[in-house]
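Architecture and fold: a report
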Amino acid sequence: MQKTGAQILWESLVREGVDVVFGYPGGAILPAYDAMLDYPIRHVLVRHEQGATHMADGYARATGRVGVAIATSGPGATNMVTGIATAMMDSSPLVCITGQVGSRLIGSDAFQETDITGITLPITKHNYLVTRASDVAPTIAAAFDLARSGRPGPVLIDITKDAQQGSSESGVPADLRRRGRQPDQLPGHDLIDAALKLIGGAERPLILAGHGILLSGASDLVRRFAERADVPVAMTLLGIGGIPASHPLNLGMMGMHGEPWVNQAIQEADLLIAIGMRFDDRVTGNLKTYAPRAKKIHLEIDPAEINKNVPVDVGLVGDVSELVARLLPHVPEGDRSAWRSHIDALKGTAAVRDIQTLPDNGHLYAAHVLHDLWRETGGNAVVVTDVGQHQMWEAQYYHHDAPRSLITSGGLGTMGFALPAAIGAKVARPDAEVWVVVGDGGFQMTLCELATIAQENLDINVAVINNGYLGMVRQWQEFFYERRYAATPLASPDFVTLAEAYGLRGMRVTERAGVRPAVAAARAHRGTVVIDFRVEQEDTVYPMVPAGGDLHRMIRRPPVLAETGADA
Amino acid sequence: MTIFTVDVEDTPGVLTRVASLFRRRAFNIDSLTVGRTASPGLSRMTIVVDAEGDAARRVEAHLYKLVNVVRVENVTTRPAVLRDLAMIKVATTAETRAQIMQLADVFRARVLDVSPDSLVIEITGTEDKVDGLVDVLRPYGLLEMARTGQLAMCRGTGAAATTARPSRRTEVEAEPAAFAASV
């Protein structure tokens, strides 16, 4: 049966199981939007195309399914670039669909023409320019397969207006639909045996748990592996939730703002078992002094990541679930109680985080907000954070037990990510309690999406950690630029009034005692509440490994600040 | 230096994708040639890249991540024939012309064009051999030179076999007929 390319587009999306797309219409994508009304797919109208990509990303991270964003040509397409790069860095499966000018106009600098396939070439797994209606269906099928297979990532499909308007047979060639992906070769017995031998012989082993565990759905396997071999687990930022925070073997976060005992344990370990992580500079610090005593085993789906930053002794390439499943039955049962006691002892002197024991002197610190938010929500919320100090405080003070319960931009560090990503997460999981934790800077980058929340009637709560500064940049200026606060003091609108202007509810909290009642009220309220938490202005994220510094040399909170009751 | 032969789908933009990968990952290309193969729809690139050992392995892994890349072979460590072709325009006078033609003959090079004050010489051979001819011609005055860069092919019937991991990208005919970005 003959259908238009636009109809085939939606038909193909339905076939891929897509239930919602996030988008913004425009001239070159109009034929697709016209056809959309006839298909059972929800469309969430965003206020800026960057928001559409972050929403699709949040949708993908909350569920593991492919998120879909759609925009017009030219500025619509270029506005997507930040969201696509964010998804690429964090291996998030996205399909982005853009309209393009008619194929005969390509190259002529036509109105709203841009070379979006050229622009997104290095920030997509692959991209396609579709100029014929007959190519729409096979391209969509290939794009979804590519986005979700192997190491997931974003794929962009640029469809010319004439391809949307033209006609073609709507059926998809069966061989292509079911083509599937040949599995990458799993490592041979020699490598598996080498890994098992290293694990069996290690006295001070550590698992470094990364995002790949969540992407691969390997949480249970990795937990059982850790329990059987009695190996403590350190988390990357994006790995948080992969192993429950409350699990006795979970030590907490590693890296620049990680727990000091975790970083110290990495430096003292004799074996690192890295699972689905990529030795980012934010977790290794100075590579020359990184984990000097440790042999390294790297379980990773992307062969290009093996030996990229840290040379490893055994690299196992493949899906993390499959690799751990192969190791698990053979891994020697261990008793590392001496090693665990040693780490506990490190913790004893360095566990500065127990703010429940702090004197409450009335100052409101971000740590209070995150800690109380965790307690009030029972740790059961899906928290979507932006980028900066609040992001690190969230990672430190909100303890995540469930996979996919922390959604944050790690690799690209995209400010403005949180609010739209939370919309995507809420749309994907309407029954989940979703909280946005965002700074006053990042919030103002994409707060236009409050209108999307209002229009879609979503129940998302927003905790603005408002300190009047671009806090993380200010912190670096404090440490490394002699407190010369260039362009970091930040004026903001009245967020309470602003929320009300959008038809949402706004609240303000200025002291510790107000945190839990405000959180409780927001939870009880049906609809979105924006809470403006006015926190200490020049508070600092401790501890900290300066960029490129040695992992075991962390800047700690000075005693003078500790007296104010912030921490320590 | 590592030499890869890379079979790619002959689609618009494929050269950009490969070149962009090297730029993005900060690997230096020493030479890159591209041309048709015996299989319709497939092009062969020979890429000489300034990377050794594990860096070379990562180049191969990155190449395989490109959807249009069908097969990658590191021929550096395998029995292979390597050829470079150069056309060299060298200044001549009535006195030097015969000497230069003799030199060309020693190198098994061919004279393609004779003009009153120059010769165009074609030479095919390993990079070293071409460099050798260039060195002996330089004193006469090199007016112009164009080189292909290295071409490589494995010896024997093992050429089509590959040590690379299997990839779905070997199923070329199953790729959708969509066009990639234009170069």
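Calculation rules
- Residues numbered from 1 in each chain as written.
- Chains lettered and ligands numbered in written order.
- Predicted model: local features only at pLDDT ≥ 70, side-chain atom pairs only at ≥ 80, totals over all residues.
- Helix = DSSP H or I, 4+ residues; strand = E, 2+ residues; numbered from the N terminus.
- Rg over C-alpha atoms; globule rule 2.2 N^0.38 Å.
- Buried ≥ 20, exposed ≤ 12 C-beta atoms within 10 Å, placed from the backbone.
- Contact = placed C-beta atoms within 7 Å.
- pLDDT = per-residue confidence, 0-100.
- Pairing = 2+ DSSP bridges.
- Axes fitted to C-alpha atoms, helices over the stretch in contact; angles between N-to-C directions.
- Parallel < 35°, antiparallel > 145°, perpendicular 65-115°, else oblique.
- Left-handed = near helix turned anticlockwise from the far one by under 90°.
- Nonpolar A, V, L, I, M, F, W, Y, C, P; charged D, E, K, R; others polar.
- Right-handed = clockwise from strand over helix to strand, strands pointing away.
- Core = buried A, V, L, I, M, F, W, Y, C linked by C-beta atoms within 7 Å.
- Expected span 1.5 Å × (residues − 1).

Attention now goes to the overall build of chain A. If you tally the helices and strands in chain A, you get 25 helices and 20 strands. For chain A, whose C-alpha radius of gyration is 24 Å, the value lies close to the compact-globule estimate of 24 Å for 568 residues. Dimensions of chain A, computed from the C-alpha atoms along their principal axes, are close to 70 × 65 × 40 Å. For chain A, with 568 residues in total, the buried portion stands at 55%. Long-range pairs, those at least 24 residues apart, make up 77% of the contacts in chain A with a sequence separation of at least 6.

Below, the discussion takes up the overall build of chain B. A count of helices and strands for chain B gives 4 helices and 8 strands. In chain B, which comprises 183 residues, the share counted as buried stands at 29%. For chain B, long-range pairs separated by at least 24 residues make up 75% of all intrachain contacts whose partners lie at least 6 apart in sequence.

The next point concerns the confidence of the model for chain A. Residues and elements named next belong to chain A. Taken over all residues, the pLDDT of chain A has a mean of 93, while the share at 70 or more is 93%. Taken together, the stretch residues 177–183 has pLDDT below 50 and engages in 10 contacts with residues farther than four places along the chain or on a different chain. Note on residues 560–568: pLDDT under 50 across the span, and 22 contacts to partners over four residues away in sequence or across chains.

What follows concerns the sheet that holds strand β5 (residues 94–100) of chain A. Residue and element names in this part refer to chain A. With parallel pairing, 6 strands are arranged side by side in an open sheet as β3-β2-β4-β5-β7-β6. Sheet topology places β3 (42–45) and β6 (126–130) at the edges, where each strand pairs with a single neighbour. Each strand axis lies, on average, 20° off the axis of its neighbour in the sheet, ignoring direction. With 5 bridges connecting them, β6 and strand β7 (residues 154–160) associate as parallel partners. Bridge pairing links tyrosine 128 to isoleucine 157 in β7. Contacting β5, β6 and β7, helix α7 (residues 136–148) runs over the sheet at an angle of about 165° to β7.

Attention now moves to unusual backbone geometry. Residue and element names in this part refer to chain A. Geometrically, the link from tyrosine 542 to proline 543 is a cis peptide bond, its omega value of -10° lying close to zero. Within the chain, aspartate 109 stands out as a residue other than glycine whose phi angle is a positive 60°. You can see aspartate 109 is positioned in the loop between β5 and α6 (116–119). Accessibility expressed as a C-beta count within 10 Å gives 9 for aspartate 109, which makes it exposed.

Once that is clear, we can look at the sheet that holds strand β18 (residues 460–466) of chain A. Residue and element names in this part refer to chain A. Ordered in space as β16-β15-β17-β18-β20-β19, the 6 strands form an open sheet in which the pairing is parallel. The sheet terminates laterally at β16 (406–407) and β19 (505–509), the two strands that pair on one side only. Sheet topology places strand β15 (residues 382–385) next to β16; 2 bridges connect them, and they run parallel. Following the sheet pairing, valine 384 is matched in β16 by isoleucine 407. Helix α17 (residues 366–376) rests against β17 (434–439), β18 and β20 (529–534) of the sheet, and its axis sits at about 160° to β18.

This brings us to the packing of helix α3 (residues 49–63) of chain A against helix α19 (residues 418–428) of chain A. Residues and elements named next belong to chain A. It is at 6 Å that the axes of α3 and α19 come closest, and there the two elements cross at 45°. Judged by the inter-axis angle, α3 sits oblique to α19. When the axes of α3 and α19 are compared, the crossing they make is right-handed. Along its contact with α3, which presents Gly51, His54, Met55, Ala56, Asp57, Gly58, Tyr59, Ala62 and Thr63, the element α19 presents Pro420, Ala421, Ala422, Ile423, Gly424, Ala425, Val427 and Ala428. Looking at the contact of α3 with α19 residue by residue, the class counts come to 11 nonpolar, 5 polar and 1 charged.

For a regular strand, side-chain orientation follows a simple rule: the groups alternate between the two sheet faces. Residue and element names in this part refer to chain A. Here strand β2 (residues 20–23) runs beside β3; their pairing, made up of 4 bridges, is parallel. Bridged to glycine 23 within β3 is leucine 45. Crossover connection from β2 via helix α2 (residues 30–36) to parallel β3: handedness right-handed.

Our next topic: the nonpolar core. Counting 203 residues, the largest nonpolar core has Ala234(A) and Ile275(A) as the members making the most contacts within it. The element that contributes the greatest number of residues to this core is α7(A), accounting for 9 residues. Leave out the neighbours within four places in its chain, and Ile275(A) touches Ile207(A), Leu208(A), Ala209(A), Gly210(A), Gly212(A), Ile213(A), Val222(A), Leu299(A), Val320(A) and Val324(A). Ranked by size, the runner-up nonpolar core spans 12 residues in total, among them Ile88(B), Val90(B), Leu119(B) and Leu137(B).

Residues and elements named next belong to chain A. Its 13 residues place the ends of α7 19 Å apart at the C-alpha level, agreeing with the 18 Å of an ideal helix rising 1.5 Å per residue. Burial runs high along α7: 12 of the 13 residues are buried. Every buried residue of α7 is listed here: Val136, Ala137, Pro138, Thr139, Ile140, Ala141, Ala142, Ala143, Phe144, Leu146, Ala147 and Arg148. Trailing α7 by a residue or two, glycine 150 shows a phi angle of about 60°, which is positive.

Another point: the environment of Glu333(A). Tracing the backbone shows Glu333(A) in the loop between α15 (320–327) and α16 (337–350). Sequence separation between Glu333(A) and Ala366(A) is 33 residues, and the spatial gap between their C-alpha atoms is 42 Å.

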